[in-house]
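# Coordinates in review
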Amino acid sequence: MSKNITPYKDSQFGKKEQVTKMFDAISTNYDGLNRLISFGIDVKWRKKVIQLIGKNNPKKILDIATGTGDLAIMMADLKPKEIIGLDISSGMLEVGKEKISQKNLSALIKMILGDSENIPFEDNYFDAITVSFGVRNFENLNKGLKEIFRVLKPGGTFVVLETAVPTKTPYKQGYQIHSKFVLPFIGKLFSKDKTAYSYLSESANAFPFGKDFNNILEKNGFSNCIDIPVTFGVASIYIAIKK
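What counts, and where the lines are drawn
- Residues numbered from 1 in each chain as written.
- Predicted model: local features only at pLDDT ≥ 70, side-chain atom pairs only at ≥ 80, totals over all residues.
- Heavy atoms only, no water.
- Helix = DSSP H or I, 4+ residues; strand = E, 2+ residues; numbered from the N terminus.
- Buried < 20%, exposed > 50% of the residue type's maximum accessible area, 1.4 Å probe, protein only.
- Contact = heavy atoms within 4.5 Å.
- Areas by Shrake-Rupley, 256 points an atom, 1.4 Å probe, with all protein chains shown as cover.
- Lys, Arg positive; Asp, Glu negative; His and termini not counted.
- Charge placed at Lys NZ, Arg CZ, Asp CG, Glu CD.
- Pairing = 2+ DSSP bridges.
- Axes fitted to C-alpha atoms, helices over the stretch in contact; angles between N-to-C directions.
- Phe/Tyr/Trp six-rings, centres within 6.5 Å; stacked < 30°, edge-to-face > 60°.
- Lys NZ or Arg CZ within 6 Å of the ring centre and 35° of its normal.
- Polar contact = N/O pair within 3.5 Å; in protein donor to acceptor, adjacent residues only side chain to side chain.

Across its full length, the chain holds 9 helices and 7 strands. Burial statistics for the chain: of 243 residues in total, 56% are counted as buried. Taking the intrachain contacts of the chain between residues at least 6 apart in sequence as the baseline, contacts between residues at least 24 apart amount to 71%. By element, 55% of the accessible surface of the chain is carried by carbon and sulfur atoms, the whole surface being about 11400 Å². Counting 34 positive and 25 negative side-chain charges, the chain places the averaged centre of each group 5 Å from the other.

Turning our attention to the sheet that holds strand β2 (residues 82-87). In space, the 7 strands of this open sheet follow the order β3-β2-β1-β4-β5-β7-β6, with mixed pairing throughout. Each end of this open sheet is capped by a strand with a single partner; those strands are β3 (109-113) and β6 (223-230). Looking at each pair of strands side by side, their axes are set apart by 15 degrees on average, direction ignored. Here strand β1 (residues 60-64) runs beside strand β4 (residues 126-132); their pairing, made up of 4 bridges, is parallel. What sits directly across from Ile61, in β4, is Ala128. Each of β5 (152-163), β6 and β7 (235-241) is contacted by helix α9 (residues 211-219), which is oriented at about 155 degrees to β6, the strand it contacts most.

Now for the packing of aromatic side chains. Taken as a whole and assessed by the stated rule, the structure comprises 10 aromatic pairs. Between Trp45 and Phe133, the aromatic rings sit 6.1 Å apart at their centres with planes inclined by 50 degrees, giving tilted as the arrangement. Of the two residues, Trp45 sits in helix α3 (residues 41-54) while Phe133 sits in the loop between β4 and α6 (141-151), which places them 88 residues apart along the sequence. Judged by centre distance (4.8 Å) and plane angle (75 degrees), the ring pair of Tyr125 and Phe126 falls under edge-to-face. For the cation-ring pair, Lys21 lies above Tyr8, with the distance from its terminal atom to the ring centre recorded as 4.8 Å. The ring of Phe149 has Lys242 sitting right over it, with the charged end atom 4.8 Å from the ring centre.

Turning next to the side chain of Thr20. Position of Thr20 among the secondary structure elements: in helix α1 (residues 15-26). For Thr20, a relative accessible area of 18% translates into the label buried. Among the polar contacts made by the side chain of Thr20, one reaches the main-chain carbonyl oxygen of Lys16 at a distance of 2.8 Å. Apart from residues no more than four positions distant in its own chain, Thr20 is found in contact with Ile88 and Ser89.

In structure tokens, the structure reads:
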């Protein structure tokens, strides 16, 4: 990131602890607010991620910053042998476990408490790794990416879905209005944590996107890095390979 954005400006704790507290606080209404704020378009973006991941028929998949497990649950359609959902928020994981149980997917999808900087798996373990709307929450982006590279098999695919900033008029202006005013306003109305959605907006605007993020991926060992802007550039899907 161009600057260190944290949820709570006056907190004595580091970003990781603050992000954990924030997501624990908003976990019970996160899914509903997510659909409302994105107008449901985020579901379409996740489907695109599934298509990209599924091309190589991965058997072991890791979904980092899995949250309530939306992407992990959707990846069950790929018929892998194992899906691991990893997140630092126990509150989000509990919501996800309930959703997984309701869909009878508990034998396939395991939800684990942890973070990107210390992934509890051996080297070269996963065929594919995904992160949706989570890399901007990493406390140490480079350390997290290096750890992801470590547990990904050679030839494995890493796919990131993350917000971006549109560069063309009028989408750029519309995005700024939505992120600076609409998103924080909805968050304050419906969320228990009044600062959470302001943070999500600020962190999205500060995060490097497009070629800048591809360069970061390459510096951390990934190859064939490309980005696919979606919905007028309000988000991007990044694809990278471990050679």
